[in-house]
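# What the coordinates show
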Amino acid sequence: MNIILKRGLIQETPSDLLILAQCSDQPTLGGAALCVDEHLHGHLAQVKKEEAFSGKSGESLLVRCQDQEVLRRFLFVGLGKRADLCEEVLREAMACAYHSAKVLKAKNVTTILHGAGAGEMTPRASAKAIAEGWLLASYSFDRYKKPKKDTVIPELTVVIRTARTMKMAQAGADLGMAFAQATCLARDLVNTPAQDMLPADLVQVARDIAKEQEQVSVRVFDRTALKKMGAGGILGVSQGSDHDPYLVEMHYTPKKPSKKHIFLVGKAVTFDSGGLSIKPAQGMETMKCDMAGAAAVLGAFSAITHVAPNAHVHGVFGAVENAISGNALRPGDVITVLNGKTIEVLNTDAEGRLTLADTISYAAKQNPDVIIDLATLTGACVVALGEEVTGLMSNNDLWSERVLTAAKSAGENMWRLPLLKSYKRLLKSSIADYRNISTSRYGGALTAGLFLEPFVGKTPWVHLDIAGPAFAEKKINSYTTGGGTGHGVRTLLTLLKTL
Ligand code: BES
Ligand code: ZN
Ligand code: ZN
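Described below are features of the structure shown in this document. (Residues numbered from 1 in each chain as written. Chains lettered and ligands numbered in written order. Predicted model: local features only at pLDDT ≥ 70, side-chain atom pairs only at ≥ 80, totals over all residues. Heavy atoms only, no water.)

## As for the coordination of the zinc ion (ligand 2)
Every protein donor of the zinc ion (ligand 2) is listed here as Asp272 (OD), Asp349 (O), Asp349 (OD) and Glu351 (OE), and their distances to the metal cover 2.0 to 2.2 Å. Taken together, the six donor atoms coordinating the zinc ion (ligand 2) span angles of 71 to 167 degrees at the metal, a pattern that classifies the geometry as irregular. Sequence spacing among the residues donating to the zinc ion (ligand 2) works out to D-x76-D-x1-E. A spacing of 3.2 Å is found between the zinc ion (ligand 2) and the zinc ion (ligand 3), which share Asp272 as a donor. (Donors = N, O, S within 2.8 Å, 3.2 Å for Na, K, Ca; no water. Tetrahedral: all angles 85-135°; square planar, octahedral: opposite > 155°, others 65-115°.)

Spelled out as structure tokens, the structure:
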């Protein structure tokens with residue numbers, strides 16, 4: 001589904017439903033909305049007043065009205081206070097509008113560039129947010145369901161008056177569509193049951209993405225190659241699984257030569273049973289989501305040519321399944337990871353960090369400008385920050401701020417947690433270089449971050465523990481339903497766009 005931008009006058013453009021938006025502290029109609037209302041002899045303003053529509057965010061009002069023999073429908077959506085108007089408010093408002101349009105079985109829906117008229121937002125930002133809100137709200141995962149026969153998918157047309165605005169808005173809408181599609185790809189990958197999203201399937205997704213984009217290539221390391229390179233973390237975790245592990249590196253080459261290299265590393269455990277340190281049944285229910293870090297990296301790569309960053313971007317993940325067999329890794333076993341360090345594995349459910357020890361070491365060896373990893377790493381992070389906030393840990397204030405700024409603009413919640421040096425003692429092993437779990441019951445998100453730090457070396461690094469936001473138990477907001485959320489994709493793309 002696409003968002004269409006069309007030049008014209010909104011009051012003269014036919015549609016099943018016309019979406020108008022209003023701020024709570026600006027009760028009178030202005031701009032294009034006023035033009036529409038003048039065309040209807042002030043009917044909209046009158047009904048809006050009678051129904052006491054206040055423009056609070058989340059509020060909506062449907063108005064039916066005769067327009068030259070035709071019965072037309074108008075939907076007002078609230079935007080809240082004008083000073084608070086931002087991309088996120090627009091995404092939410094348009095997502096609300098999408099759901100109403102679906103209920104109303106409106107096939108073609110029109111709207112204008114909200115927030116751009118009075119100058120609060122640029123036409124580009126407004127069009128981007130409108131496209132994202134609409135398309136993300138229209139997402140559903142129905143690979144395993146028969147489609148309902150009578151569902152109407154509402155199509156959106158944004159009507160724009162001037163050629164100049166049109167040009168800026170088109171760029172924004174194109175970007176918004178690319179961001180939304182990339183997010184939906186990540187959602188699909190996470191939502192697909194682990195039976196159909198095995199390590200080899202993730203490899204295939206990377207290959208397909210590379211095939212579609214000239215500037216993207218992919219390298220795949222199989223079991224033999226993993227043994228040769230000493231990737232004992234990935235190999236160790238995969239020991240109990242019937243499915244072969246892989247290390248994948250995607251590489252985007254910019255058109256203009258660049259010396260900058262950015263590494264995006266994703267946790268890619270296709271299913272996390274916990275291994276011999278087995279999870280309780282309920283804890284295992286959603287563990288197909290344990291490859292959401294890699295899904296975010298793959299999502300971002302699927303739109304990378306569109307964003308065209310001015311840097312080499314590498315996407316790395318170690319695809320494995322954490323299963324059980326007579327050959328599974330045992331608590332107490334010692335493994336040697338890619339950088340030569342040894343790890344005493346005291347809990348096989350702390351497997352993500354073992355695979356990341358390899359993939360992060362692999363990235364660090366190439367001396368990049370920054371490593372950003374995304375991982376559904378710890379339940380402790382969900383305890384600390386809840387289900388809607390990513391825990392960010394970093395050895396670099398500048399990159400940390402860059403990621404936080406990108407996340408804010410993308411509408412993804414992230415919060416920095418400390419890499420507290422004194423907690424390092426909790427990861428000391430008496431028989432190996434490190435143990436894979438802390439000796440303390442507390443602060444598990446921080447000790448997981450600290451565990452990863454030595455593999456990064458001196459490279460600037462941002463670690464994102466996405467265990468909470470990657471998978472929603474139930475609906476989060478009007479554009480994020482339950483299941484895989486695609487969290488991280490839009491932050492990564494926003495960040496890449498600034499390079
Ligand atoms: N994949 C889990 C973390 C997780 C939990 C992700 C909930 C999403 C939702 C990870 O591999 C894990 O099991 N971590 C353990 C670490 C512990 C053994 C130190 C945890 O959080 O309990
Ligand atoms: Zn685990
Ligand atoms: Zn895991």
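## So, the coordination of the zinc ion (ligand 3)
Protein ligation of the zinc ion (ligand 3) involves Lys267 (NZ), Asp272 (OD), Asp290 (OD) and Glu351 (OE), the donor distances falling in the range 1.9 to 2.4 Å. Taken together, the six donor atoms coordinating the zinc ion (ligand 3) span angles of 77 to 172 degrees at the metal, a pattern that classifies the geometry as octahedral. On the primary sequence, the residues serving as donors to the zinc ion (ligand 3) are separated as K-x4-D-x17-D-x60-E.

## A look at the pattern of salt bridges
Per the counting criterion, the structure on display carries 18 salt bridges. Arg91 is the partner of Glu132 in a salt bridge, and the nearest nitrogen-oxygen pair spans 2.6 Å. Residue Glu132 is located in helix H4 (residues 123-137), and its partner Arg91 is located in helix H3 (residues 87-103); the two are separated by 41 residues in the primary sequence. Both residues of the pair, Glu132 and Arg91, belong to the buried class. When the shortest N-O distance is used, the salt bridge between Lys128 and Glu132 registers 3.0 Å. Placement of the pair is Lys128 and Glu132 together in helix H4, with a separation of four residues, close to one helical turn. Under the relative-accessibility criterion, Lys128 is labelled buried at 7%. Given a relative accessible area of 0%, Glu132 falls into the buried group. (Salt bridge = Lys/Arg side-chain N within 4 Å of Asp/Glu carboxyl O. Helix = DSSP H or I, 4+ residues; strand = E, 2+ residues; numbered from the N terminus. Buried < 20%, exposed > 50% of the residue type's maximum accessible area, 1.4 Å probe, protein only.)

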